[in-house]
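For reference, the chains in residue letters:
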Amino acid sequence: MDTSRAATASSSTRTEGPAVLLERARQVGASSVLVTDELSDRVDAVLAAPHTPTGMTAEALTGIVVADALVQSVATADADRAVESSHELTALRARLGY
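Each chain carries its own residue numbering, running from 1 in the written order of its sequence. Whole-chain, interface and lining totals are the exception, using all residues; otherwise, since this is a predicted model, local features are given only for residues with pLDDT of at least 70 and side-chain atom pairs are given and counted only at 80 or more. For side-chain calculations, the full set of non-hydrogen atoms in the structure is used, while hydrogens and water are omitted.

Visitor: Quick one: what's the story with the pattern of salt bridges, residue by residue and with numbers?
Guide: Whenever Lys or Arg places a side-chain nitrogen within 4 Å of a carboxyl oxygen from Asp or Glu, that contact is recorded as a salt bridge. What the rule picks out here adds up to two salt bridges. Linking E23 and R26 is a salt bridge whose minimum nitrogen-to-oxygen distance equals 3.6 Å. In this pair, E23 and R26 both sit in helix α1 (residues 16-28), three residues apart, roughly one turn of the helix. Between E88 and R24 there is a salt bridge, with the nearest N and O atoms lying 2.4 Å from each other. In this pair, E88 sits in helix α3 (residues 79-96) while R24 sits in helix α1, placing the two residues 64 residues apart along the sequence. Judged by relative accessible area, R24 falls into the partly exposed class, the value being 27%. Only DSSP runs of H or I with at least four residues qualify as helices, and only runs of E with at least two residues qualify as strands; both kinds are numbered from the N terminus onward. Exposure categories follow from relative accessible area, calculated using a 1.4 Å probe and restricted to protein chains: below 20% of the type maximum is buried, above 50% is exposed, and the middle band is partly exposed.

Shown next, in the form of structure tokens:
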């Protein structure tokens, strides 16, 4: 996978947000990696982030940690592009009402 053109999304439920991000990834020719415990049909790669069997941590914690590590790694590869992408992500979030 070309990490310079990667998009990430994290979700444990079916929401509009991941669909918008995945569509944007396709529009710009980026690979997509989904960190999830359930969705996997529209992405290039899946990193499974199952819920904890004990329930002692927040259900989304595993996905959040994995997604954050992935984003930080990609951002380090090209800091200027990461800033540009961050602004673009903010615009996408605004379209979703966040």
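Read on for the rest.
Visitor: Give a detailed account of the pairing of strand β2 (residues 31-36), specifying residues and quantitative values.
Guide: Most of β2 is tucked away: six of the six residues are buried. The alternating pattern of β2 places S31, V33 and V35 on one face and S32, L34 and T36 on the opposite face, and all of these are buried. Strand pairing requires that DSSP identify at least two bridges connecting the strands. Relative to strand β3 (residues 45-48), β2 is paired through four bridges, and the arrangement is parallel. Within β3, the residue paired with V33 across the bridge is A45.

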